[in-house]
Each structure stands twice: as structure tokens, then as C-alpha cells.
Amino acid sequence: MYCAVYPEQFGLYVRFAIVMEENIKRAAEIIRKSKHLIALTGAGISVESGIPDFRSSGGLWEKYDPMVYAHIDSFRRSPEMVWEMIFEMVAMTKQAKPNPAHHALAELEKMGLLKAVITQNIDNLHQEAGSVNVIEYHGNAHVLECLRCSAKYSVDEYPNDGTIPKCRSCNEILKPGVVFFGEVIPGDALMESQMLAGSSDAILVVGTSAVVYPASNIPFIAKQNRGSVIEMNLEHTGLTGSITDVFIEGSAGITLPKLVEEVRALLQ
Ligand code: NAD
């Protein structure tokens with residue numbers, strides 16, 4: 001089937017493809033030369049796995065305002081209300097499978113080129129794709145924790161059927177092991193990420209709007225260490241015009257595998 005396009009649209013498309021190829025080549029060269037490459041990922045990398053980011057239309061976050069439903073004050077005030085959203089979030093993350101972008105990062109680690117993935121995501125998809133060194137900056141939705149006695153459980157120990165899970169030791173309503181707005185970042189994840197960024201010479205920043213602090217500071221720490229910043233996103237962010245060295249525009253599920261292919265070709 002042919003799809004009619006205006007010549008000027010076709011010209012724009014060709015130019016977009018050429019720029020993308022050039023930027024992938026530049027990024028691959030940086031990765032080939034790097035000795036301490038790390039990655040920072042955000043919700044965008046999991047959009048192609050069916051988990052919406054904060055901007056996706058028609059997704060979970062259109063129904064539940066994250067600043068209300070993902071805020072610790074709301075959970076403390078009304079855990080039953082927040083659990084309405086959590087049941088949907090858990091069902092969605094359990095169903096999701098890693099996409100080619102997650103697999104590409106796992107591949108870079110296997111090739112000995114990527115030291116660690118620092119992820120803001122809570123969906124466990126990097127680990128499912130085979131990444132080993134994953135720092136979960138905002139926790140993991142597959143864990144449940146008790147705010148009263150600190151007991152921890154796997155979500156699989158409870159049915160996701162609308163019954164609010166309670167702690168088996170103290171009967172408190174459990175909270176998913178994710179960092180809500182208004183909560184602090186787990187100390188070990190914070191320290192490890194700062195150390196990794198502080199000793200990196202290149203960072204891949206994939207699918208994050210880079211507005212949620214302190215995760216948004218990680219690329220700046222890498223840059224202070226003279227690390228090159230390679231950004232992969234559908235659109236420009238606050239990093240793009242300031243510290244980004246190479247911007248690769250497009251869906252991470254397409255651009256990341258292309259980048260890994262290019263790195264592999266350079267190494268042959
Ligand atoms: P965000 O929603 O603020 O930004 C997502 C970014 O990804 C945007 O810049 C968007 O342009 C880009 N993007 C969307 N689809 C993409 C694709 N296919 N390829 C490349 N880029 C794409 O997300 P954020 O910066 O991660 O910050 C929001 C917070 O939301 C994080 O703390 C994260 O914990 C949480 N969150 C996590 C998940 C998840 O675990 N999958 C989902 C939603 C929100």
C-alpha cells in the first residue's frame with residue numbers, strides 16, 4: 001500500500017532520518033571510547049511496553065493525577081483511595097514486557113560497555129530484559145512495604161483483586177515499595193548513583209523529561225566530571241540546549257537498538 005505524502009513532507013522525513021543516523025554515529029563513537037558509561041532512564045523507555053509516561057494521553061495518569069495519587073500525604077491520609085490507582089498500576093506493570101530499548105541496554109552491559117542503569121522507573125523491566133546492575137532510584141512496584149513495622153512482601157504474595165493488602169505482622173495497610181512524591185530517595189540508591197555519575201565519562205539519558213529532582217541532577221554530575229551526555233527522547237528537554245552533547249530524536253525502542261548495532265560495528 002502506498003501512502004501519499006507531499007514532497008516537502010518527504011524532504012523533512014529524509015532530513016530527520018539523516019540527522020538521526022549522523023547523531024547515532026557520533027554517539028556510538030563516544031561509547032566506543034568511553035571507559036565508564038552509565039545510563040539514566042525514565043518513564044519514556046517503557047512507553048513502548050504499554051506503560052504510559054506522565055504525558056501519554058488516555059493513560060493511567062490522565063485518570064489519576066500523579067501529584068495527588070502518587071503523593072505520600074495522600075497515602076497517609078487515604079490509603080484506600082490511593083490503592084485504587086495502585087491496583088491498576090500493579091496490573092499494568094505485571095503485564096508489561098521489556099521492549100527492544102530495555103534489551104539494547106542489557107546488551108550494552110553484556111558487551112562490557114555499560115556499567116550501570118540508574119532508572120527512575122518502578123516497573124522492573126530492565127531486570128526482566130537481563131540488565132544486572134540496576135539502581136532503582138524510585139523503588140519497585142513489585143515490592144510491598146509496611147510503614148509501621150518495615151516488613152517487606154512481594155506483590156505476588158497478595159491477590160491484585162481489589163482487596164487492600166495488610167501487613168501480616170501488624171495489620172497496617174501496605175504501601176508499594178515505590179518512592180512517592182514527598183518521600184526521600186533511598187539512601188543507597190542516592191549514594192550509588194552519585195558515585196557512578198561522578199566517575200562516569202559518558203551518560204545515556206533515555207526517555208526522561210529530567211524534571212523530577214534529584215534524579216534530574218544525575219546528568220549534571222556526569223557533565224561536571226567532563227562526561228559526554230547522549231540524550232534519547234521524542235522531544236527536547238531542559239537538558240537538550242544546556243548540557244546534552246548528542247541528541248538522538250525518536251522512539252527509544254528504535255534508536256537504542258540502532259545505537260548498539262552501530263557500536264558493535266565500530267568494535268569489529
Ligand atoms: P516523564 O513522564 O516526565 O517524561 C517521559 C519522557 O519520555 C518525556 O520527555 C517523553 O518525551 C519521553 N518519551 C516518551 N515516549 C518515549 C519513547 N518511546 N522513546 C523515547 N522517549 C520517550 O517521566 P520521567 O522523566 O521518568 O519522570 C517522571 C516520574 O514518573 C519518574 O519518577 C518515574 O518514576 C515515574 N514513572 C514511572 C513509570 C514506569 O515505571 N514505567 C511510568 C510513569 C511514571
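Because the structure is a prediction, the values reported are computed rather than measured. (Residues numbered from 1 in each chain as written. Predicted model: local features only at pLDDT ≥ 70, side-chain atom pairs only at ≥ 80, totals over all residues. Heavy atoms only, no water.)

K.L.:
Go over the site of the ligand with me, naming the residues and quoting the values.
P.N.:
As a structural note, the neighbourhood of the ligand is formed by 27 residues, with Gln 120, His 138, Thr 208, Ser 209 and Asn 233 the closest of them. Side-chain polar atom of Thr 208 to an oxygen atom of the ligand: 2.6 Å apart, as the coordinates give it. A distance of 2.7 Å separates an oxygen atom of the ligand from a polar side-chain atom of Asn 233. When isolated, the ligand has an accessible area of 850 Å², and the protein chains bury 94% of it. Grouping the constituent residues of the shell around the ligand by class yields eleven nonpolar, twelve polar and four charged. (Near = heavy atom within 4 Å. Polar contact = N/O pair within 3.5 Å; in protein donor to acceptor, adjacent residues only side chain to side chain. Areas by Shrake-Rupley, 256 points an atom, 1.4 Å probe, with all protein chains shown as cover. Nonpolar A, V, L, I, M, F, W, Y, C, P; charged D, E, K, R; others polar.)

K.L.:
Tell me about the nonpolar core, and please be specific about residues and values.
P.N.:
In this structure, Phe 75, Met 85 and Ile 86 are the most contacted members of the largest nonpolar core, which totals 31 residues. Residue assignment for this core shows that the elements contributing at least two residues are α2 (60-63), α4 (72-77), α5 (79-95) and β4 (139-145). Discounting residues that sit within four places of it in the chain, Ile 86 has contacts with Phe 75, Pro 176 and Phe 180. Ile 24, Leu 105, Leu 114 and Ile 230 belong to the second-largest nonpolar core, a separate cluster that totals 28 residues. (Core = buried A, V, L, I, M, F, W, Y, C linked by side-chain atoms within 4.5 Å. Buried < 20%, exposed > 50% of the residue type's maximum accessible area, 1.4 Å probe, protein only. Helix = DSSP H or I, 4+ residues; strand = E, 2+ residues; numbered from the N terminus. Contact = heavy atoms within 4.5 Å.)

K.L.:
Just give me the short version of the sheet that holds strand β5 (residues 152-154), but keep the residues and values in it.
P.N.:
As summarised here, the arrangement of the three strands in space is β5-β4-β6, forming an open sheet in which the pairing is antiparallel. One side of each edge strand has no neighbouring strand; the edge strands of this open sheet are β5 and β6 (175-178). Across the sheet, the mean angle separating the axes of adjacent strands is 50 degrees when strand polarity is ignored. Strand direction decides the pairing type here: β4 and β5, joined by three bridges, are antiparallel. Following the sheet pairing, Val 143 is matched in β5 by Ser 154. Contacting β4 and β6, α5 runs over the sheet at an angle of about 125 degrees to β4. (Pairing = 2+ DSSP bridges. Axes fitted to C-alpha atoms, helices over the stretch in contact; angles between N-to-C directions.)

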